[in-house]
Amino acid sequence: MADAVIEQIKQRVDIIELLSEYLKLQKAGSNWRALCPFHNEKSPSFMISQDKQIWHCFGCDKGGDIFTFIQEMEGIDFPETLKLLAQRANVTLTQYNPTQQDKKQRLLQVVSAAQQWYAQALQQSQDGAVARNYITQRGLTDASVSAFGIGYSFDTWSRLKDFLKAQGYADSDQAEAGLLIKQDGSGSYYDRFRGRLMIPLHDINGTVVGFTARTLKTDETGGKYINSPQSMLYDKSHIVFGLFRAKQAIKKLNAALVVEGNLDAITAQQHGFPNTVATSGTAFTEQQLLQLKRFSPNLLLAFDLDTAGEQAAQRGIDLALQHNMNIKVVRWPEQYKDPDECIRADAAAFKEAIRQAMSIVDYWFMQASRDLQLTRVEHKKLFTQRILPKLVKLADHVEVAHYVQRLADLVRVDANLLHEQVAKLRGGKGNAVRVKASSQQSGNRNQQIGIKSKDRSTRLVERILGLLLVMPEQFGYAHDYLDNAFIKDADLAELYRRMLDQYNKSGQFTEVDYLVAYPEDQGLLGKLRLQIGLDFPDTEA
């Protein structure tokens, strides 16, 4: 595939327009800046050049172009990124058929075919009446059912398998996509989901990668909900249910409303809360939080933190605080058991509950003081023991100091005593953070003055390889005059060896074909291109 395809996509997809869908950009002279989505920071060090269509973070040293950014943000490889941006740019990839993607694309086709079949079974089959009745009971509209692709799986052992096999999909592909289970001993396959309401799981781009299946039986011996197994397509830790529909609303409203159940999220979106997502339980993963933070650093938690799932929820909350996210707890009226029931009965009351949501720290103080009399010394001690370990999890030291003072006022002790306890709980971590920040700033200065820690020959090789990426038609000169034996840096030497190997085999070097073979080098190539753009402003990097 020619490099012209990449250039055509770059010409049609403006980097500012694309990145503004993920970040809040601020004008900075002729460039733009933002808080880096790839590491925690309070002052923007993420810079974007609209003229050159490149970006670089001087805090974590990541950088590149629109392709690199999408790979980092979406967690996908280069061929998938190329296909995604080509669709956005309305560019036809006539030669796009990398071997390594064939399997994944086929599995996606299998899952898509299954989703359509489930949806048809829900709407048209007599057996699907039980699912239709349940949907009516939950108050879901036809528009919501269609938007989320909800369906029904027949209560049989092979109906899906037989249908997909007739469509040309092998049993092994169906099993690898999580739709079938291989029977021990005989080696035969049977349908994984039977007699259940089928709720598709979408990635952030709206592609179906798996299913959550809810039982419709009162005497179900298995779990109430079962999910697709971990696979090439589906990674539970990366999926935020409903985000593919909620992401723009989260950005617009500057907050993500998080509920516990997938159907609860659908109900909320249906009733005027378009920024609602679900985590399929109360526990966040770091990957889920980073996805949400792309659109807003603010979380509104609308699930019961007093239940048996509180510990799991707290682990997720701790992660969010480590990433300097702002958390509020939504407390709906007590007569309703969950947000779903409240929203369906009185959406206005739930909206007011959101307006009055309390910060997570206020919630901690409220919970910790429950059943205590703070006039009693032993209760003061217990209250302090409950609160301090939570306060040290806050990322902002000023915020910690504020709440330590509040705690001191409540228990009527000297705040310095509590600060000493905080220091012990941190175990010296505060100093480590400051040292790390100081080192990072030093590193930033090195980047801005040309990375003086590298020797002259290594910097020269970086410029040569970067220029070859920008002007691949000159690769013949490098082939004749640049000997790999003279490259000291191991990573650059391996990169040049691979580039030479492609040139020797095909008689030319093209970046796209190289990245199809070595997608792991995308970050390095993007960095080399960026450096050329900074060093040679008139070069089309």
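Preceding this section is the structure that the text describes.
I will try to describe carefully the structure that is included in this document. (Residues numbered from 1 in each chain as written. Predicted model: local features only at pLDDT ≥ 70, side-chain atom pairs only at ≥ 80, totals over all residues. Heavy atoms only, no water.)

1. Examining the pairing of strand S4 (residues 54–57)
A two-sided burial pattern is seen for S4, the buried positions comprising Ile54 and His56 on one face and Trp55 and Cys57 on the other. Inspection of the sheet shows strand S3 (residues 46–49) paired to S4 by 4 bridges, in the antiparallel sense. Across the sheet, the residue bridging to phenylalanine 46 is cysteine 57, located in S4. In sequence, S3 turns back onto S4 through a hairpin of 4 residues, with glutamine 53 there showing a positive phi of about 60 degrees. (Buried < 20%, exposed > 50% of the residue type's maximum accessible area, 1.4 Å probe, protein only. Helix = DSSP H or I, 4+ residues; strand = E, 2+ residues; numbered from the N terminus. Pairing = 2+ DSSP bridges.)

2. Focus on the environment of valine 392
Take valine 392: it is sitting in the loop between helix H17 (377–391) and helix H18 (397–411). Apart from residues no more than four positions distant in its own chain, valine 392 is found in contact with Val422, Leu425 and Arg426. (Contact = heavy atoms within 4.5 Å.)

3. Examining H18
With 15 residues, H18 extends 21 Å between its outermost C-alpha atoms, agreeing within 8% with the 21 Å of an ideal straight helix rising 1.5 Å per residue. Among the residues making up H18, those that are buried are Val400, Tyr403, Val404, Leu407, Ala408 and Val411. Buried residues of H18 fall within an arc of 150 degrees about the axis and therefore sit on the same side. Exposed and oriented more than 90 degrees from the buried face of H18 are Val398 and Asp409. Those residues of H18 hidden inside the fold are in contact with strand S16 (358–359), helix H16 (360–369), H17 and helix H19 (415–426). Where H18 begins, the capping side chain belongs to aspartate 396, and its oxygen is found 2.9 Å from the backbone nitrogen of valine 398. Positive backbone phi, approximately 60 degrees, marks arginine 412, located one or two places after H18. (Expected span 1.5 Å × (residues − 1). Arc of directions from axis to C-beta. Polar contact = N/O pair within 3.5 Å; in protein donor to acceptor, adjacent residues only side chain to side chain.)

4. Description of unusual backbone geometry
With the exception of glycine, the majority of residues adopt a negative phi angle, and the majority of peptide bonds are in the trans configuration. The phi dihedral of asparagine 254 falls on the positive side, at around 60 degrees, and the residue is not glycine. Positionally, asparagine 254 belongs in the loop between helix H10 (243–253) and strand S12 (256–259).

5. Quick notes on the nonpolar core
Generally speaking, soluble globular proteins have nonpolar side chains that are buried together. Within the largest apolar cluster, 59 residues are counted, with the highest numbers of intra-cluster contacts made by Tyr118, Ile150, Leu179, Leu197, Phe211, Val330 and Phe350. A total of 10 residues in this core trace back to one element, the largest contributor, which is helix H5 (residues 99–124). What valine 330 contacts, discounting residues up to four positions off in sequence, is Leu257, Leu300, Leu301, Ala302, Phe350, Ala353, Ile354 and Ala357. Membership of the second largest hydrophobic core comes to 52 residues, among which are Val13, Ile16, Tyr22 and Leu500. (Core = buried A, V, L, I, M, F, W, Y, C linked by side-chain atoms within 4.5 Å.)

6. Overview of helix H23 (residues 490–506)
Taking 1.5 Å per residue, 17 residues should reach 24 Å; H23 reaches 25 Å between its end C-alpha atoms and fits that length. Where H23 is concerned, the buried positions are Leu492, Ala493, Leu495, Tyr496, Arg498, Met499, Leu500, Gln502 and Tyr503. A distance of 3.0 Å separates the backbone nitrogen of aspartate 491 from a side-chain oxygen at the start of H23, and that oxygen is part of aspartate 489. Backbone geometry just after H23 places glycine 507 at a positive phi near 85 degrees.

7. Here we look at the pattern of salt bridges
For the coordinates displayed, the defined rule picks out 25 salt bridges. Residue arginine 88 is joined to glutamate 21 by a salt bridge in which the shortest nitrogen-to-oxygen separation is 2.7 Å. Linking arginine 88 in helix H4 (residues 78–89) with glutamate 21 in the loop between helix H2 (15–19) and strand S1 (26–28), this pair joins segments that are 67 residues apart in sequence. Arginine 88 gets classed as partly exposed once you look at its relative accessible area, which sits at 36%. A relative accessible area of 26% places glutamate 21 in the partly exposed class. Each of Arg138, Asp264, Asp340 and Arg344 takes part in salt bridges that share partners, so that together they form one network. (Salt bridge = Lys/Arg side-chain N within 4 Å of Asp/Glu carboxyl O.)

8. Details of the sheet that holds strand S15 (residues 326–329)
Spatially, the 5 strands line up as an open sheet ordered S13-S12-S14-S15-S16, and their pairing is mixed. Every other strand in the sheet has two partners, leaving strand S13 (276–278) and S16 as the edge strands with one partner each. Where S12 meets S13, 3 bridges bridge the pair, whose relative direction is parallel. Counted as the bridge partner of valine 259 is alanine 278 from S13.

9. Digging into the side chain of threonine 458
With respect to the helices and strands, threonine 458 occurs in helix H21 (residues 456–470). Residue classification places threonine 458 among the buried residues on the basis of a relative accessible area of 10%. Setting aside residues up to four positions removed in sequence, threonine 458 forms contacts with Asp489 and Leu492.

10. Thoughts on the packing of H17 against H18
Two elements in contact, H17 and H18, have axes separated by 11 Å at closest approach and are oriented at 175 degrees. Of the possible angle classes, the one that applies to H17 and H18 is roughly antiparallel. Contacts between H17 and H18 involve Lys380, Phe383, Thr384, Ile387, Leu388 and Leu391 on the former and, on the latter, Val400, Tyr403, Val404, Leu407, Leu410 and Val411. For the contact of H17 with H18, the per-class residue count stands at 10 nonpolar, 1 polar and 1 charged. (Axes fitted to C-alpha atoms, helices over the stretch in contact; angles between N-to-C directions. Parallel < 35°, antiparallel > 145°, perpendicular 65-115°, else oblique. Nonpolar A, V, L, I, M, F, W, Y, C, P; charged D, E, K, R; others polar.)

11. Concerning the sheet that holds S1
Spatial ordering of the open sheet is given by S1-S2-S3-S4-S5, a layout of 5 strands whose pairing is antiparallel. Whereas interior strands pair on both sides, the edge strands pair on one side only; in this sheet they are S1 and strand S5 (63–64). The pairing of strand S2 (residues 31–34) with S3 spans 3 bridges and is classified as antiparallel. Each bridged residue has a counterpart across the sheet, and for arginine 33 the counterpart in S3 is methionine 47.

12. Side note on the state of the cysteines
Applying the stated criterion across every chain, the model contains 0 disulfides. Cysteine cysteine 57 remains unbridged, with the sulfur of cysteine 36 as its closest cysteine sulfur at 3.6 Å. Given a relative accessible area of 0%, cysteine 57 falls into the buried group. (Disulfide = S-S within 2.5 Å.)

13. Examining the packing of H16 against H17
With their axes 9 Å apart at the nearest point, H16 and H17 run at an angle of 160 degrees to one another. With respect to each other, H16 and H17 are oriented roughly antiparallel. Seen from above, H16 lies across H17 with right-handed handedness. Along the contact surface, H16 presents Val361, Trp364, Phe365, Gln367, Ala368 and Ser369, while H17 presents Phe383, Arg386, Ile387, Lys390 and Leu391. Class assignment for the residues of the contact of H16 with H17 results in 7 nonpolar, 2 polar and 2 charged. (Left-handed = near helix turned anticlockwise from the far one by under 90°.)

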